[in-house]
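Coordinate inspection notes
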Amino acid sequence: MYTPDDHVPVLEPFADGLWVAKAPQRFFGLPMGTRMTVCRLPDGRLWVHSPIPLATVKNDLDALGDVAFAIAPNFIHHLYMGPFVAAYPDARLFVAPKLKKKRRDLSPEGVLTDEAPAGTWGAVFDQAVTQGSVLMDEVVFCHRPSRTLILCDLLECVDEHAPWWMRWLGRVGGIYQQPAPPWDLKKSFRDRDKARAFVERVLSFDFDRIIVSHGALIEAGGKQTFEDAYRFLLA
């Protein structure tokens, strides 16, 4: 989760057909860091999830292929989408449900749902919109070929490398050295039946790895990690 402000983003391979790049990002003054995920689709074009500033990664991104799809997966992860779609005007933009009203300047092609739009990435990804929360509208993606779940804020984690005060906040928020929903998100699940159905849908996907925006990448045991984090909704 902790990303020093002098960290230079680099596009790195994570799994077959997937790349990630982590960038500094402050949220209410906290150095949360953020992460972009890039997928090369079977036709060679790129699907880009939660873009970061392009300054240091654009050349590497262009070398991978043509950007076909830009994904803003929740109402928070949109800060760099304007410059991103300006840099890639032919990319088709899809946004989370709450973001269409929040960012009218973006003019998306469509709003993300539980199914991929026709003729897009449906052969590669399963997806599900968060349900039962009065706060979060995040759309979860599961990359079937690499068995990788792609998240933003549904799991976060503070590790031992963070400053002492971040570690303290992580303990208070229940996310120190254990990927979990932060306390405010956890409390936001008011409709437990809908929330349980959403968690069960995610757990029905075939995944072992998890990419998160705020915290260390989970390279094995991801399904158990997600189940443990959301067990409070399954009881």
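So, a few notes on the structure that sits alongside this text. Predicted model only: the values in this text are computed from it and were never measured.

Cut-offs and rules
- Residues numbered from 1 in each chain as written.
- Predicted model: local features only at pLDDT ≥ 70, side-chain atom pairs only at ≥ 80, totals over all residues.
- Heavy atoms only, no water.
- Helix = DSSP H or I, 4+ residues; strand = E, 2+ residues; numbered from the N terminus.
- Rg over C-alpha atoms; globule rule 2.2 N^0.38 Å.
- Buried < 20%, exposed > 50% of the residue type's maximum accessible area, 1.4 Å probe, protein only.
- Areas by Shrake-Rupley, 256 points an atom, 1.4 Å probe, with all protein chains shown as cover.
- Lys, Arg positive; Asp, Glu negative; His and termini not counted.
- Charge placed at Lys NZ, Arg CZ, Asp CG, Glu CD.
- Polar contact = N/O pair within 3.5 Å; in protein donor to acceptor, adjacent residues only side chain to side chain.
- Pairing = 2+ DSSP bridges.
- Salt bridge = Lys/Arg side-chain N within 4 Å of Asp/Glu carboxyl O.
- Axes fitted to C-alpha atoms, helices over the stretch in contact; angles between N-to-C directions.
- Parallel < 35°, antiparallel > 145°, perpendicular 65-115°, else oblique.
- Contact = heavy atoms within 4.5 Å.
- Phe/Tyr/Trp six-rings, centres within 6.5 Å; stacked < 30°, edge-to-face > 60°.
- Lys NZ or Arg CZ within 6 Å of the ring centre and 35° of its normal.

With that out of the way, let us pick up the overall build of the chain. In terms of helices and strands, the chain carries 8 helices and 13 strands. The C-alpha radius of gyration of the chain comes to 17 Å, within 12% of the 18 Å expected for a compact globule of 235 residues. By principal-axis analysis of the C-alpha atoms, the chain measures approximately 45 × 40 × 35 Å. Per-residue burial over the chain gives 52% buried out of 235 residues. Here the chain has roughly 10700 Å² of accessible surface; of this, 53% comes from carbon and sulfur atoms. Taken together, the 27 basic and 29 acidic charged side chains of the chain have centroids lying 6 Å from each other.

Looking at where Gln127 falls in the secondary structure, it is placed in strand S10 (residues 125-129). Here the side chain of Gln127 touches Glu115 through a polar contact of 3.3 Å, landing on its backbone oxygen. At 2.7 Å, the side chain of Gln127 and the side chain of Trp121 are in polar contact.

Here we take up the sheet that holds strand S5 (residues 34-40). Reading across the sheet, the 7 strands line up as S1-S2-S5-S6-S7-S8-S9 and stay open at both edges, with mixed pairing between neighbours. Each having just a single partner strand, strand S1 (12-15) and strand S9 (110-111) make up the two edges of the open sheet. Relative to S5, strand S2 (residues 18-23) runs antiparallel, the two being bridged by 6 bridges. Across the sheet, the residue bridging to Lys22 is Arg35, located in S5.

A separate point is the pattern of salt bridges. What the rule picks out here adds up to 10 salt bridges. Here Arg144 makes a salt bridge to Asp126, at a shortest N to O gap of 3.1 Å. Here Asp126 lies in strand S10 and Arg144 lies in the loop between strand S11 (139-143) and strand S12 (148-150), a separation of 18 residues in the sequence. Among the charged side chains, a network of salt bridges with common partners joins Glu227, Asp228 and Arg231.

Quick look at the packing of helix H6 (residues 192-204) against helix H7 (residues 222-229) now. The contact between H6 and H7 brings their axes to 10 Å, and the two run at 170°. By the angle between their directions, the pair H6 and H7 is classed as roughly antiparallel. Contacts between H6 and H7 involve Val199, Val202, Leu203 and Ser204 from the former and Lys223, Phe226 and Glu227 from the latter.

Here we take up the sheet that holds S12. One open sheet accounts for 4 strands, arranged S10-S11-S12-S13; its pairing is mixed. For this open sheet the edge positions go to S10 and strand S13 (209-211), each flanked by a neighbour on one side alone. Between one strand axis and the next, the sheet turns by 20° as a mean value, whatever way the strands run. Direction of pairing for S11 relative to S12: antiparallel, over a ladder of 3 bridges. Across the sheet, His143 pairs through a bridge with Thr148, a residue of S12. The strands touched by H6 within the sheet are S10, S11 and S12, with S10 carrying the most contacts at an inclination of about 170°.

What the rule picks out here adds up to 14 aromatic pairs. Pairing Phe69 with Trp121 gives two aromatic rings, centres 5.2 Å apart and planes at 80°, and the pair type is edge-to-face. Here Trp121 lies in the loop between S9 and S10 and Phe69 lies in strand S7 (residues 67-72), a separation of 52 residues in the sequence. On the basis of relative accessible area, Phe69 is assigned to the buried category, the value being 0%. With relative accessibility at 0%, the residue Trp121 sits in the buried group. Here the aromatic rings of Phe94 and Trp121 are separated by 5.2 Å at their centres, their planes lie at 85°, and the arrangement is edge-to-face. Of this pair, Phe94 sits in strand S8 (residues 92-95) while Trp121 sits in the loop between S9 and S10, and the two are 27 residues apart along the sequence. In textbook terms, an aromatic cluster arises when at least three aromatic residues are bridged by ring pairs, as seen for Trp47, Phe69, Phe94, Trp121, Phe125 and Phe141. Over the face of the ring belonging to Phe75 we find Lys98, whose NZ or CZ atom lies 5.2 Å from the ring centre. Directly above the aromatic system of Phe232 lies the positively charged group of Lys186, at a separation of 4.8 Å from the ring centroid.

Read these as spatial facts, not as claims about activity.
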